[in-house]
Amino acid sequence: MENALVKTPLRKLRRRRTKRVWRLKQKLKLAWKSIKIRVKSHLPGFLSTKKHLFHIKSRKEEQDLSQVARRICKISNDSTKSLAFLLQLPKYSADDFLDRGDLMTPATSPRENISKMWRELHGSNDWENLLDPLHPWLRREVTKYGEFVESVYDSLDFDPLSEFCGSSRYNRNKLFEELGLTKHGYKVTKYIYAMSHVDVPQWFLSSAMGETWSKDSNWMGFVAVSGDRESLRIGRRDIVVAWRGTVTPTEWFMDLRTSKEPFDCEGEHGKHVVKVQSGFFSIYKSKSELTRYNKESASEQTMEEVKRLVKFFKDRGEEVSLTITGHSLGGALALMNAYEAAKDVPALSGNVSVISFGAPRVGNLAFKERLNSLGVKVLRVVNKQDIVPKLPGIVFNKVLNKLNPITSRLNWVYRHVGTQLKLDVFSSPYVKRDSDLGRAHNLEVYLHVLDGFHRKKSGFRVNARRDVASVNKSTDMLLDHLRIPEFWYQVAHKGLILNKQTGRWVKPVRAPEDIPSPLSTGPKPIYNL
C-alpha cells in the first residue's frame, strides 16, 4: 500500500512531463509552419529552394537561408540580422524604382467586368461579406474613387505667389489626360467652386499677389460621368462627384467650431432637427451675388449638374448611379451632397453611395438617421492612426457614446454614418515606424494601405501593385533605403521655365483655356462618352 502511494505521484509527474513535451512539439510545429508560410508569401523568388524549408536542422543551414533571403531582398550582407528580421523585410529596394521601361510590373490590377455584381459593390447590402477579406473588385473600385479625389489635389494650384492660387491648373477637358486617369473611362462635365461665410481655418487658399483670379472662391472638385465602355464594364452609368479636403496641415480640425446649423429646414426627423457642423455647412451652402464664381453655392452647382445628367441618361433608358467621394473635409461635403441628392432626385432612389477617406463626423443623430432612411450607403475608409475621423469632439463624443444607452442617443452628439473599413498604416512594410502620425491623414497613404489590405489579421498583400513611390508625394513616410525623395510632388522648377531666346527664367503665361472663368462653371455638353 505504501509503495502504491509512493509510485502514484511519479506516474503523474511522468504524464505531466509527457504532456508538456507534446505541447512544446505542437507549438514548435505551428511556429515552423508559420515561418514557412511567411517565407513563401514574402519571398516569392525563393520557391526554387523549396527543399530548404523542410530540412533546416542546423545553424549552418539557417545561415544559408539568411544569405539567400538577403540576396533576394537586395540588402547588404549583414550577419547581425536574424532570419526572423529578414522574413519581415519589404519586397522592394531602391533598384526597383529605377526606370526599366516595359520590363516593370504595371501599377494597376486587371480591369474585371463587374456588371453582374455592381449593386453589392455599390453598397446595396452595406458591403456585407466584402470587407473582411476585402473583395479584390471592391478594392479596385474604391481605389478608383480615391484617385479621382487625389486628382483634385494634384492639379490644384496652391502656390501663394501665383495669381491663380486656389484654382485648377488644367481645364476640365484635359484634367484626366494630364494626370494619367483616362484609364478609368470617365469625363469631367463640371467644376465646383466654394466659398465660406465663417472663418474655417486654412481650408481656403489665396494668392499673396495683389491681383488674383478670385478673392472669394476656391476650386473644390468636379462632377464626372462614366463613358460608354466603362459603363458596360461596371453595369450602369455612374455619375461621380469628387470633393477635395485641405492641402494644409490637419491641425486646423482641432479648432473647428462645435456649433451646428440646421441642414434640412423643411422638416424634422422624429423630434429632432437635422443639424450639421457649422463650418462644413458654410462651405457647402455659402453664395454671394457679388462673387464671380459663387453666385450659386457649391450645393446648387453640384445638384444642378447631377439632376441634368440623371435626366439625360434616364431618358435614354439607362440605369444610373451616383457615387460621391471625398477626403477629409471633402468627406464631410460628400455626406451633405448625398443627403440632398437622395432627397431631391427620386430617380436615384437606392443608387446613392458615398466613399469617404479620413472623413470627420458631420452631423447629429437626426442627420445620421435621416441619411439611413433615405437609403444612402456610406463606406468610410479610416486609418487607425488618423485623428481626423475622431473629430469634432475627439474625447467628448467617444465618452458619451459609451456611457450608457441614454447618453448614446443624445441628439447633439456628433455621429458617424455608414460602414467602416479600418486600416492600419503600420501594416505596410514600406513605412517608417517612427513616422509623424499626422501623415496618416494623407490620401496617398490611405490608397497605399488600402491596396495592401486583405483582411484584419493578415499582413500587407504581396501582390499589391499600386506605386509605392506615391506615398512620398507629399509625405516623408517611406523607408530611407528605398531612396524615394520626400515631398517630391511639385511643379517642375516651381513653375518657372527657361526662355531660350533671352536665357532668362520666367513665369509661364497660362494657356487661355486653362485660365479660370465663370463660364467654366457651366455644364459640358454630353457627347462622345
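Residues numbered from 1 in each chain as written. Predicted model: local features only at pLDDT ≥ 70, side-chain atom pairs only at ≥ 80, totals over all residues. Heavy atoms only, no water.

## Details of unusual backbone geometry
Residues apart from glycine generally show negative phi values, whereas peptide bonds are mostly found in trans.
For step 1, the next point in the chain: The residue after Asp132, namely Pro133, is reached through a cis peptide bond having omega 5°.
For step 2, the next point in the chain: By the element assignment, Pro133 lies in the loop between helix H5 (118-121) and helix H6 (136-155).
For step 3, the next point in the chain: Although it is not a glycine, Ser328 adopts a positive phi angle of roughly 60°.
For step 4, the next point in the chain: Inspection of the secondary structure assignment puts Ser328 in the loop between strand S6 (320-327) and helix H11 (329-344).
For step 5, the next point in the chain: Looking at Ser328, the relative accessible area reads 0%, which means it is buried. (Helix = DSSP H or I, 4+ residues; strand = E, 2+ residues; numbered from the N terminus. Buried < 20%, exposed > 50% of the residue type's maximum accessible area, 1.4 Å probe, protein only.)

## Digging into helix H12 (residues 365-373)
For step 1, the next point in the chain: Within H12 the residues assigned to the buried category are Leu365, Ala366, Phe367 and Leu371.
For step 2, the next point in the chain: Immediately beyond the C-terminal end of H12, within one or two residues, lies Gly375, with a positive phi of roughly 85°.

## Describing the pairing of strand S3 (residues 237-243)
For step 1, the next point in the chain: Counting buried positions along S3 yields seven of seven residues, so the element is predominantly enclosed.
For step 2, the next point in the chain: Of the two faces of S3, both are covered, the one formed by Arg237, Ile239, Val241 and Trp243 as well as the one formed by Asp238, Val240 and Ala242.
For step 3, the next point in the chain: Direction of pairing for S3 relative to S6: parallel, over a ladder of seven bridges. Within S6, the residue paired with Asp238 across the bridge is Ser321. (Pairing = 2+ DSSP bridges.)

## With respect to a nonpolar patch on the surface
For step 1, the next point in the chain: A cluster of nonpolar side chains, contributed by Leu496, Leu498 and Trp505, occupies part of the molecular surface with about 280 Å² of accessible area.
For step 2, the next point in the chain: Tracing the backbone through its elements, the reader meets Trp505 in strand S11 (residues 504-506).
For step 3, the next point in the chain: The partly exposed category is assigned to Trp505, whose relative accessible area is 47%. (Patch = residues over 30% accessible without salt bridge, like charges linked within 9 Å, V, L, I, M, F, W, Y side chains within 5 Å. Areas by Shrake-Rupley, 256 points an atom, 1.4 Å probe, with all protein chains shown as cover. Salt bridge = Lys/Arg side-chain N within 4 Å of Asp/Glu carboxyl O.)

## Examining the confidence of the model for the chain
For step 1, the next point in the chain: Per-residue confidence for the chain averages 79 on the pLDDT scale, and 68% of its residues sit at or above 70.
For step 2, the next point in the chain: For the stretch residues 72-89, pLDDT sits under 50, and the model shows 34 contacts to residues farther than four places along the chain or on other chains.
For step 3, the next point in the chain: Confidence drops under pLDDT 50 across residues 394-409; counting only partners more than four residues distant or on other chains, this segment forms 21 contacts. (pLDDT = per-residue confidence, 0-100. Contact = heavy atoms within 4.5 Å.)

## Some words on the nonpolar core
Proteins that are soluble and globular tend to have nonpolar side chains buried together.
For step 1, the next point in the chain: Counting 60 residues, the largest nonpolar core has Phe222, Phe357 and Leu421 as the members making the most contacts within it.
For step 2, the next point in the chain: The element that contributes the greatest number of residues to this core is H6, accounting for seven residues.
For step 3, the next point in the chain: Ignoring sequence-local partners within four residues, the contact set of Phe357 consists of Val142, Gly146, Thr325, Gly326, His327, Ser328, Val381, Leu443, Tyr446, Leu447 and Leu450.
For step 4, the next point in the chain: Listed in part, the 45 residues of the second largest apolar core include Ile239, Trp243, Leu309 and Phe313. (Core = buried A, V, L, I, M, F, W, Y, C linked by side-chain atoms within 4.5 Å.)

## Comments concerning the layout of surface pockets
For step 1, the next point in the chain: There is about 940 Å³ of room inside the second largest pocket.
For step 2, the next point in the chain: What lines the second largest pocket is a set of 29 residues, and nearest its centre among them are Asp157, Ser162, Arg169, Val491 and Gly495.
For step 3, the next point in the chain: Within the lining of the second largest pocket, the residues separate by chemical class into 15 nonpolar, four polar and 10 charged. (1 Å grid on protein atoms, 1.4 Å probe; cavity = no way out; pocket = protein on both sides within 12 Å on 5 of 7 lines; lining within 4 Å. Points joined across faces, edges and corners; volume = space filled by probe spheres on them. Nonpolar A, V, L, I, M, F, W, Y, C, P; charged D, E, K, R; others polar.)

## Thoughts on the packing of aromatic side chains
For step 1, the next point in the chain: On inspection of all chains with the given rule, the structure shows 17 aromatic pairs.
For step 2, the next point in the chain: Both rings, one in Phe148 and one in Tyr186, keep their centres 5.0 Å apart while their planes meet at 65°; by these two values the pair is edge-to-face. With Phe148 in helix H6 and Tyr186 in strand S1 (residues 186-194), this residue pair connects regions lying 38 residues apart in the sequence. Tyr186 shares its class with Phe148; the two are buried.
For step 3, the next point in the chain: Ring centres of Phe263 and Phe281 lie 6.3 Å apart, and the angle between their planes is 85°; on these two criteria the pair is classed as edge-to-face. (Phe/Tyr/Trp six-rings, centres within 6.5 Å; stacked < 30°, edge-to-face > 60°.)

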